[in-house]
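# Examination of the molecular architecture
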Amino acid sequence: MANIKPSTALHIAIVAATGIVFFLPLWWIFVSAFRPEEDIFRYLSPLGIETFLPTRWTLDHFVTLFESTFARSIFNSLFVAVATVLGGLLVCTLAAFALSVIEFPGRNIVFTIMIVSFLIPFDAIALPLYQIMRGAELQNSYLGLILPGLGNGLAVFLLRQFFLGLPKELREAAMVDGMGWFQVFWRIYLPLSGPAMISAGLIMFIFQWQAYLWPLLIAPATEYKVAAVSIAQFNSAYGVAFGPIMAGAMCISLIPMIILVFFQPYFSNSVASTGSKE
Amino acid sequence: MSKTKNIYVALAFLAPALLAVVCLRIWPALLSVHESLLAPRATTYSLENYIYIFGDPIFQSSVWTTLFFSIVVNPLQIAISLGLAILLNNKLPGTGFWRTLVLLPVAIPASVSAVVWAAALRPDGLMNALLGLFGLGPQPFLTSPQQALACIILVTSWIGVGYWMTILLAGLQDIPKSLYEAARIDGMNRWQQFINVTLPQLRRPLTFVLVADTVSNFLVFAPVQILTRGGPQRSTNLIMHEIYNRAFAAGDKSSAYAATVVLILLMLTIVAIQFRMMSDKGES
């Protein structure tokens with residue numbers, strides 16, 4: 001490291017500065033969450049080291065937060081996201097298996113319709129779907145929150161690509177041994193598809209964790225409100241208390257951040273595979 | 001083993017997904033078409049709702065705002081993502097860490113980002129403090145009809161560019177090194193290499209990002225609803241917020257459905273292109 005080239009050093013500096021610029025708002029959330037309310041906007045002008053490092057620490061905002069209904073919202077978000085990943089993986093792997101391994105007439109048409117209709121971002125049809133779900137009395141229910149996340153076009157696409165990459169001989173040999181289609185799926189394909197399932201699961205988790213418009217419409221009751229909706233309504237609930245807002249923002253951000261840091265290669269691969277790789 | 005016999009097996013595997021597509025996508029889409037053709041209190045189909053919304057200055061301005069927003073935000077985000085991808089496409093120590101930092105905002109709910117930026121863009125907030133470093137006076141940001149849309153662009157870009165960067169980064173890594181060596185032998189400088197090697201080789205991921213980014217930016221909702229509620233002076237009233245307002249604040253479901261159909265048709269066109277590109281790639 002001692003004799004590093006100046007151009008390389010400059011490159012590293014620019015790269016690091018870019019990362020810090022993107023991280024700065026997040027860091028500001030974390031710092032603000034731990035400092036007293038009156039300190040949040042106090043050290044901004046002029047900008048200094050105190051702006052980004054708390055001089056006085058407090059956990060008050062987290063106490064306020066978790067004495068409120070926010071704890072319930074975090075639980076709702078987690079429950080909905082985990083249930084969506086489990087249910088969604090089942091729905092999407094079954095579909096992807098049929099669309100890649102089983103040969104049947106009309107497969108391409110089914111694939112096209114399925115992917116195109118899943119690719120239309122869900123928010124575009126939020127209004128009519130809300131009408132339908134209200135008719136089915138699914139407003140303010142977990143089912144109403146979970147159902148729209150189960151079919152994920154990107155997940156079906158990813159899993160199908162993965163299955164297509166497995167050798168045909170696997171299936172043929174298993175069938176010669178007398179396995180049925182479901183056994184082939186359950187005992188041969190599923191055990192092999194771990195990485196693809198993680199990628200697909202991540203996509204579904206993040207989809208639900210981020211959902212805002214749909215939960216806002218379908219589950220406004222406190223009992224079923226998700227964290228992403230809760231935090232947006234803090235402003236009115238707490239006046240202009242930014243402390244609890246920052247603490248809440250930190251709680252909601254940390255969960256996907258931890259997941260992303262651990263599974264970043266899976267996430268990047270799945271994102272990349274839709275855009276450029278095969 | 002006949003292919004026709006397989007159809008029943010395939011249907012059994014596909015049943016849950018097909019049910020989801022029909023109930024959660026196709027039915028709502030058809031319901032919108034049906035409702036959009038029924039004027040308030042009418043019993044027969046007509047185009048009245050469409051005539052009404054396209055004659056309505058508020059809807060018109062929302063469409064123009066959305067188009068203007070798209071024309072600015074998409075090229076901007078793609079340029080930034082490409083710049084980031086090139087900058088972060090190296091094997092220097094710690095690059096993986098910095099990439100993760102750029103990607104982090106993608107994973108955070110847009111509503112959380114919006115709430116935090118609401119604080120950062122306050123007159124006494126973080127943003128004005130940063131501008132102060134460069135000797136710039138405090139800006140009104142969200143309360144100014146001239147600056148509010150730019151703020152929405154800033155927030156959506158902070159959220160999104162890491163995602164598009166990831167796709168372009170993968171594209172960059174797929175470019176054979178030999179192409180650059182050949183270009184160097186031909187005496188091309190960095191800029192010429194970028195124009196003659198990088199850009200043509202990135203055509204596919206760039207087009208993909210353009211399409212996918214356009215779709216997602218048409219549906220920006222949380223930042224608008226939380227930061228500006230479409231204002232000031234409707235300067236940030238993007239179409240998703242306009243539909244939501246019509247349906248739930250103004251209670252005008254009929255014209256909201258007509259607007260929804262317009263939006264779905266637009267999405268369908270763009271998504272069809274996206275799908276073509278995704279499946280072309282699967283075969284090559």
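Next up on the list: the overall build of chain B. Looking only at helices and strands, chain B has 13 helices and 0 strands in total. For chain B, the sequential pattern of α-helices and β-strands runs α-α-α-α-α-α-α-α-α-α-α-α-α. Based on the C-alpha atoms only, the size of chain B along its principal axes is roughly 75 × 75 × 30 Å. Counting across all 284 residues of chain B, residues that qualify as buried make up 54%. Summing over all exposed atoms, chain B offers an accessible surface of approximately 13000 Å²; the carbon and sulfur share of this is 66%. Taking the average location of the 18 positive side-chain charges in chain B and that of its 12 negative ones, the two points are 7 Å from each other.

On to the pattern of salt bridges. Residues and elements named next belong to chain B. Using the criterion set out here, one finds 4 salt bridges over all chains in the structure. Residues Arg246 and Asp56 are paired through a salt bridge, measuring 2.4 Å at the closest nitrogen-oxygen approach. Of the two residues, Arg246 is situated in helix α12 (residues 239–249) and Asp56 in the loop between α2 (48–55) and α3 (57–88); the sequence distance between them amounts to 190 residues. Classification of Arg246 by relative accessible area gives buried; the value is 7%. Among the residues examined, Asp56 registers a relative accessible area of 11% and is labelled buried. Each member of the salt-bridge network shares a partner with another, and the members are Asp56, Glu242, Arg246 and Asp252.

Another point: a nonpolar patch on the surface. A surface patch of nonpolar side chains, amounting to about 450 Å² of accessible area, comprises A:Ile109, A:Ile113, B:Val22, B:Ile26 and B:Leu30. For the nonpolar patch, the secondary-structure elements that each account for two or more residues are α5 (107–119) of chain A together with α1 (3–36) of chain B. Looking at the nonpolar patch element by element, the count peaks at 3 residues for α1(B). Relative to the helices and strands, B:Val22 resides in helix α1.

Residue and element names in this part refer to chain A. Its domain assignment divides chain A into domain 1 (6–58) and domain 2 (62–275). Domain 1 and domain 2 are separated by 33 Å when their C-alpha centres are compared. The interface of domain 1 with domain 2 comprises 11 residues on the first partner and 12 residues on the second. Summing the contributions of domain 1 and of domain 2, the shared interface buries around 890 Å²; its carbon and sulfur component is 84%. Per-residue buried area on domain 1 facing domain 2 is highest for Ile29, Phe30 and Glu37; these three make up 45% of the total on that side. Summed over the shared surface of domain 1 and domain 2, the result is 0 salt bridges. Taken together, the links from domain 1 to domain 2 amount to 0 residue pairs in polar contact (both at pLDDT 80 or more). Here the residues of the side of domain 1 that touches domain 2 sort into 9 nonpolar, 1 polar and 1 charged.

The rules behind each value
Residues numbered from 1 in each chain as written. Chains lettered and ligands numbered in written order. Predicted model: local features only at pLDDT ≥ 70, side-chain atom pairs only at ≥ 80, totals over all residues. Heavy atoms only, no water. Helix = DSSP H or I, 4+ residues; strand = E, 2+ residues; numbered from the N terminus. Buried < 20%, exposed > 50% of the residue type's maximum accessible area, 1.4 Å probe, protein only. Areas by Shrake-Rupley, 256 points an atom, 1.4 Å probe, with all protein chains shown as cover. Lys, Arg positive; Asp, Glu negative; His and termini not counted. Charge placed at Lys NZ, Arg CZ, Asp CG, Glu CD. Salt bridge = Lys/Arg side-chain N within 4 Å of Asp/Glu carboxyl O. Patch = residues over 30% accessible without salt bridge, like charges linked within 9 Å, V, L, I, M, F, W, Y side chains within 5 Å. Domains from an automatic or database assignment. Contact = heavy atoms within 4.5 Å. Buried area = accessible area lost by both parts, 1.4 Å probe. Polar contact = N/O pair within 3.5 Å; in protein donor to acceptor, adjacent residues only side chain to side chain. Nonpolar A, V, L, I, M, F, W, Y, C, P; charged D, E, K, R; others polar.

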